[in-house]
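Per-entry structural report
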Amino acid sequence: MKSVTIIVKYSDLSRFSLAYVLSILENYSISRRFVKNIILARDVVNEVLKCDSDIIVVMYSLMTPQIFDVEIIEELKMLRDLRKTHDLVLIAGGPHASGDPVGTLLRLGFDIAVLREGEITIPRLLDALVSYEDLRDVPNIVYRDGEKIIKTLDYIPDKIYTSCPYVDRFRIYAPLEIMRGCKHACKYCQTPRIYMFKVRYRSLDEIYRWCRHYYKIGIKTIRYLAPNGFAYGSKDCKRPNIKALENMLKTSYEAVEGKSKLVLGTFPSEVRPDFINRDVLEVVSKYVDNKKISIGVQTGSNRLLNYIGRGHNIECVYEAVDLCLEYGYTPCLDFIFGLPGETEEDVEITSKVMLEFAKKGCIIRGHTFMPLPGTPFENEKPGKIHPKYLETLREIEKLKRLEGYWREQEELAEKIHKYIIESLSLRSSVTLECYR
Ligand code: SF4
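Residues numbered from 1 in each chain as written. Predicted model: local features only at pLDDT ≥ 70, side-chain atom pairs only at ≥ 80, totals over all residues.

What follows deals with the sheet that holds strand S16 (residues 330–337). Taken in spatial order, the four strands of this open sheet run S15-S16-S17-S18, and their pairing is parallel. Single-partner strands in this sheet number two, and they are strand S15 (292–298) and strand S18 (402–404). Neighbour to neighbour, the strand axes of the sheet diverge by 25° on average, direction disregarded. Examined bridge by bridge, S15 and S16 share six bridges and lie parallel to one another. Note on S16: the bridge partner recorded for Lys292 is Thr330. (Pairing = 2+ DSSP bridges. Helix = DSSP H or I, 4+ residues; strand = E, 2+ residues; numbered from the N terminus. Axes fitted to C-alpha atoms, helices over the stretch in contact; angles between N-to-C directions.)

Written out as structure tokens, the structure reads:
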């Protein structure tokens, strides 16, 4: 059997998902003696040049902004050249590969795009690569076969198979993923589409084990990872499951013997406003240590909230904010400027709403709309910040209630839009063969 080295690209932006990928690879290598080494590297090219395995697999987890990173562009170019002299397979996963698999292969030069569910797909993919088998039986991938682009079966199991937020050997400790996927349909968001609107939760056993491990090795703060922090255990993903949420927090609390901090409801486990009510805050305030709660609002206009598919109105945000303040939390409210379909009236309303919230003591976190691949808004124009917003943001800044990277995102949105338009014409020029 040929020997294999797997090199995982390290980047700060995808560090949370890398922990899970590395844990899948560690588990995989236990029973596969042909895996010579698993390497986590910033400089992937250097590792490839040093490597003497028969097969080298290089894995990236990509978010769309990273495809404009000059260092990554250069590195991919060098890796494509190294394919001429090495048996090298380039694999991309993460939200960008899921949203634009064809562009990931044809424009970025990867051999295989993994769309989701690394726990199932990565071991089967590596087995198939090492034994030079047909990849058609590996679920959740898109790959090149000569001139053809092949998409295999979409497969999402009912539970999340075992993976871990940490790998001690690499000293990488990510927030605990307690929930995967979302049933809401916000049109700018990749998350529900990656997992095809299916939602799963981590078991209490796993959460206990992870918290316990973090506690024992001296990690003083437990953070959680979830698309909607207070939704743990919710059956329909539309309303909170208080009992399940309490069990999860109590389990964590017991695992750390009440001595580590628990952080839920702020990055990377922000919450929807319709999941904030008195019962939820009673439970949360018993266990969590954060003093801020991050809430996705996006716009102050009910018309626009409805158009972008948020599934809640602005009145619900007012109720959530008042409750958070009553319980002693500072609400941090996310707004997106330049959403598709935004009118002058929406801008007026949103500006007024933001200012009102800032005066109540909320932090306003501004974002610019970016048309992400794989979303219903991928063809939309990039977000532009209306002058009225700039004026309002200046006022909010004076109140010292402003955060966000909306300026940088405005530039990035332009680049993404240009990329998507080029990718769309490429997508229409290739035939995707699908296997089910
Ligand atoms: S923005 Fe949040 S609630 Fe909306 S679809 Fe995405 S993850 Fe779900």
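Let us look at the site of the ligand. Every residue close to the ligand is listed here: Cys182, His184, Cys186, Cys189, Thr191, Pro192, Pro227, Asn228, Arg272 and Gly296. Here the shell around the ligand is built from residues that sort into five nonpolar, four polar and one charged. (Near = placed C-beta within 6 Å. Nonpolar A, V, L, I, M, F, W, Y, C, P; charged D, E, K, R; others polar.)

Below, the discussion takes up helix H15 (residues 406–429). The first and last C-alpha atoms of H15 sit 34 Å apart over 24 residues, in line with the 34 Å expected at 1.5 Å per residue. Of the residues making up H15, those classed as buried are Trp406, Gln409, Ala413, Ile416 and Ile420. If you follow the buried residues of H15, they end up packed against S16, strand S17 (363–368) and S18. (Expected span 1.5 Å × (residues − 1). Buried ≥ 20, exposed ≤ 12 C-beta atoms within 10 Å, placed from the backbone. Contact = placed C-beta atoms within 7 Å.)

According to the domain assignment, the chain contains domain 1 (4–156) and domain 2 (169–425). Relative to domain 2, the C-alpha centre of domain 1 lies at a distance of 29 Å. At the interface, 21 residues of domain 1 touch 21 residues of domain 2. Mapped by element, the contributors of at least two residues to the side of domain 1 that touches domain 2 are helix H1 (15–30) and helix H4 (94–99). (Domains from an automatic or database assignment.)

Looking along the chain, the bond that leaves Phe267 and enters Pro268 is cis, with omega of 0°. The phi dihedral of Arg171 falls on the positive side, at around 50°, and the residue is not glycine. Looking at where Arg171 falls in the secondary structure, it is placed in the loop between strand S8 (166–167) and strand S9 (172–173). Within the chain, Glu257 stands out as a residue other than glycine whose phi angle is a positive 50°. Residue placement: Glu257 occurs in the loop between helix H9 (242–255) and strand S14 (261–263). Given 10 C-beta atoms within a 10 Å radius, Glu257 is considered exposed.

Before going further, it helps to examine the pairing of strand S1 (residues 4–9). Summarising burial for S1: six of the six residues are buried, a large majority. Burial of S1 is two-sided: the residues Val4, Ile6 and Val8 facing one way and the residues Thr5, Ile7 and Lys9 facing the other way are all buried. As defined by bridge partners, S1 adjoins strand S2 (residues 35–41) across six bridges and the pair is classed as parallel. By the bridge assignment, Val4 is partnered in S2 with Val35.

This part is about the environment of Lys2. With respect to the helices and strands, the residue Lys2 is situated in the segment before S1. For Lys2, a count of 13 C-beta atoms within 10 Å puts it in the partly exposed group.

Glancing now at the nonpolar core. Taken as a class, soluble globular proteins show a tendency for nonpolar side chains to be buried jointly. With 125 residues, the main nonpolar core has Val57, Val58, Ile91, Ala113, Ile141 and Ile178 as its most contacted residues. When residues of this core are assigned to their parent elements, the largest contribution, seven residues, is made by H1. Of the domains in this structure, domain 1 (4–156) and domain 2 (169–425) are the two that each give at least three residues to this core. Apart from residues no more than four positions distant in its own chain, Ile178 is found in contact with Tyr201, Arg202, Ile207, Tyr224, Leu225, Ala226, Tyr232 and Met248. (Core = buried A, V, L, I, M, F, W, Y, C linked by C-beta atoms within 7 Å.)

To continue, consider helix H10 (residues 278–287). Every buried residue belonging to H10 is among Val280, Leu281, Val283 and Val284, and all of these are buried. Seen along its axis, H10 keeps its buried residues to an arc of 165°; they face one direction. Exposed positions of H10 whose direction lies more than 90 degrees from the buried face are Arg278, Glu282, Ser285 and Lys286. Buried residues belonging to H10 abut H9 and helix H12 (314–326). (Arc of directions from axis to C-beta.)

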